[in-house]
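# Close look at the chain arrangement
Chain by chain, the residues:
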Amino acid sequence: MDFMIKRRVLIAMLFAALAMLGIFSYRQLPVELLPNTQIPYLFVQVGTTLETDPKYIETQAVIPLEGSIGTLKDVEKIESTVDQQQAFIQISYRQQANLKIAYLKLLEKVEEVKQNLPDGFYVQALRFDMEMINNSLMTIQVRGSGGVDRVREIVNRDIYNRLLNVNGIANVAVFGGRVKTVEIKLNEEVCKSYGITAANIREVVNRNSSSRTFVGKVTRDNRMIFVNVVAEYEDISTISDLVVKEQGSVRLRDVADITFGFKNQDSYSRVNGKEAVTIELTRDTQSNMIDLANRMKKEITALNQELAAKDIEIVIQKNAAERMERNINQIIQLALVGGLLAIFILWIFLKNIRLVLAIGLAMPISVYTAFNFFYAAGISINSLTLLGMALAIGMLLDNSVVVMENIYRLASQKVETDLAVTQGVSEVRRSIFAATLTTVMVFLPFAFSKNFLVAILGKHVGVSIISTLLVSLLVALLFIPMVTHVILKQGTKSRSANFSAISFHNRL
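This structure is a prediction, so every number in the text was calculated from the model and none was measured.

### Section: the packing of aromatic side chains
Summed over all chains, the structure comprises 6 aromatic pairs. With centroids separated by 5.4 Å and ring planes inclined at 90°, the aromatic side chains of Phe371 and Phe374 adopt a geometry described as edge-to-face. With Phe371 and Phe374 both in helix 14 (residues 362-377) and 3 residues apart, this pair spans about one turn of that helix. One aromatic cluster is present, built from ring pairs that chain together Tyr26, Tyr368, Phe371 and Phe374.

### Side note on the environment of Phe446
If you trace the backbone, Phe446 turns up in the loop between helix 16 (417-443) and helix 17 (452-489). Taking relative accessible area as the criterion, Phe446 reaches 35% and is therefore assigned partly exposed. Here the alpha-carbon distance between Phe446 and Val461, two residues 15 residues apart in the chain, equals 9.4 Å. Among residues more than four places away in sequence, those in contact with Phe446 are Val454, Ala455 and Gly458.

### Side note on helix 11 (residues 289-307)
Over its 19 residues, helix 11 extends 26 Å from the first C-alpha to the last, a length consistent with the 27 Å expected when each residue adds 1.5 Å. Of the residues making up helix 11, those classed as buried are Met289, Ile290, Leu292, Ala293, Met296, Glu299, Ile300, Leu303 and Leu307.

### Quick look at the packing of helix 2 (residues 8-28) against helix 14
The description of two packed helices rests on the angle between their axes and on the distance between the axes. The N-to-C vectors of helix 2 and helix 14 enclose an angle of 55°; their axes lie 7 Å apart at closest approach. Between helix 2 and helix 14, the crossing angle belongs to the class labelled oblique. Note that helix 2 runs across helix 14; the crossing there is left-handed. Packed against helix 2, whose contacting residues are Phe15, Leu18, Ala19, Leu21, Gly22, Ile23, Ser25, Tyr26 and Gln28, the element helix 14 presents Ile365, Tyr368, Thr369, Phe371, Asn372 and Tyr375 at the interface. Grouping the constituent residues of the contact of helix 2 with helix 14 by class yields 10 nonpolar, 5 polar and no charged.

### Section: the pattern of salt bridges
Counted according to the given criterion, the structure contains 11 salt bridges. Here Asp291 ties to Arg295 by a salt bridge, and the two come within 3.1 Å at their closest N and O atoms. Of this pair, Asp291 and Arg295 both sit in helix 11, 4 residues apart, roughly one helical turn. Taking relative accessible area as the criterion, Arg295 reaches 28% and is therefore assigned partly exposed. Of the charged contacts, one joins Glu322 and Lys297 as a salt bridge, the two residues approaching to 3.8 Å between their closest N and O atoms. Here Lys297 lies in helix 11 and Glu322 lies in helix 12 (residues 320-350), a separation of 25 residues in the sequence. For Lys297, a relative accessible area of 31% corresponds to the partly exposed category. Members of the salt-bridge network, linked through shared partners, are Arg157, Asp158 and Lys310.

Conventions and cut-offs
- Residues numbered from 1 in each chain as written.
- Predicted model: local features only at pLDDT ≥ 70, side-chain atom pairs only at ≥ 80, totals over all residues.
- Heavy atoms only, no water.
- Phe/Tyr/Trp six-rings, centres within 6.5 Å; stacked < 30°, edge-to-face > 60°.
- Helix = DSSP H or I, 4+ residues; strand = E, 2+ residues; numbered from the N terminus.
- Buried < 20%, exposed > 50% of the residue type's maximum accessible area, 1.4 Å probe, protein only.
- Contact = heavy atoms within 4.5 Å.
- Expected span 1.5 Å × (residues − 1).
- Axes fitted to C-alpha atoms, helices over the stretch in contact; angles between N-to-C directions.
- Parallel < 35°, antiparallel > 145°, perpendicular 65-115°, else oblique.
- Left-handed = near helix turned anticlockwise from the far one by under 90°.
- Nonpolar A, V, L, I, M, F, W, Y, C, P; charged D, E, K, R; others polar.
- Salt bridge = Lys/Arg side-chain N within 4 Å of Asp/Glu carboxyl O.

Just distances and angles here, no functional claims.
Structural data, given as structure tokens:
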């Protein structure tokens, strides 16, 4: 037990290093309102344009699909419901399954079965997860004179790429005005002779054009850059050269006429008498939403200055980061208020401001060091993790209070300082270790639950509470005794407090 007295510099540097490392981990953690987790369900919808016998839909479509889906990896259960016009297949996966890969495999199976289904059936695979909620970043409006087509043209030429190139933006969707489009008109007789259907053409076009996809991140010049792969058509000739049938190398231009034009306008937007174009911004899942929103605001400000001469104005209509930042800041403020109240209560009982501040120092050390566990566990800063840390703040002070109170009690009884510190820790270390361990054991089973909702709660709340409490245990056994020893050695008088009895003459 002499280690905490003779190695004071080492202990101080150890916790300083852990706290500093926690600050760097904190800056790398994504910030989101809700944890971005995958829901272990995929869905397949089968439908017909006309009402028919549910038994017919079951035998002709549902059973073949179930048989093919049942061969997929990590499928735990398949449930189907059928009515007169559509069927719905729910596929449950094991928790360890990678839903992104599973969804791609499901699409392959659906496409295989779709080709053998009777005419009149349409089949689509569906996926729902928290990314659909968490990834929506911002909705902005572009207003200006000269008509909506002029505004849309300026958006496509001067704004779209600027927004898309902001680091952390995954997709930019533009609505309003007439949209340039490529029309593919099939030659029915030629397609029939080659045995090519409209579904084959659609599959080839979709397969060769995918959305912006996040593939990883790299660090360059101390900056983290998110890397995306984009597959898009550059011009009409690229589409014309698509091979629609391998046998004979039949290309799209051989079976269809491809022209360039405009789609019919199907949406209108006008604000303060001016035509407007709406832009939806979607973020990468690995980006920090609040930081990304702040950088996007700066980019919009720069664009407004450049486009002012063209009578174009960009206005933020909805910013998801503001609501997230407001909720997260409220949780942080409540936790800070709770921590300050806890320190005030300690001062009432200890009546020594230096000892109270020493215990208060355990809070930021424990919290920032716990962020290292967040980074290792792959969880983000969200409402659940912050709530767990807020709950743990009061509990993490308990260990430090017990250790310091016991040391201070011995010191008030005229016990020599070194002995008071070592004996004070020895007397309570088993008790605080057991108390911390019992609290940890309460939350630990949640992380192993087979119910994914309980597992989400256990992982985020459990990791935040468990990591904070474990760090607080180390702080109580090493840091607090070291600080208390320094304070007592510098002349703290033992008569400043009496723990042997409670006096009614003390008005406070």
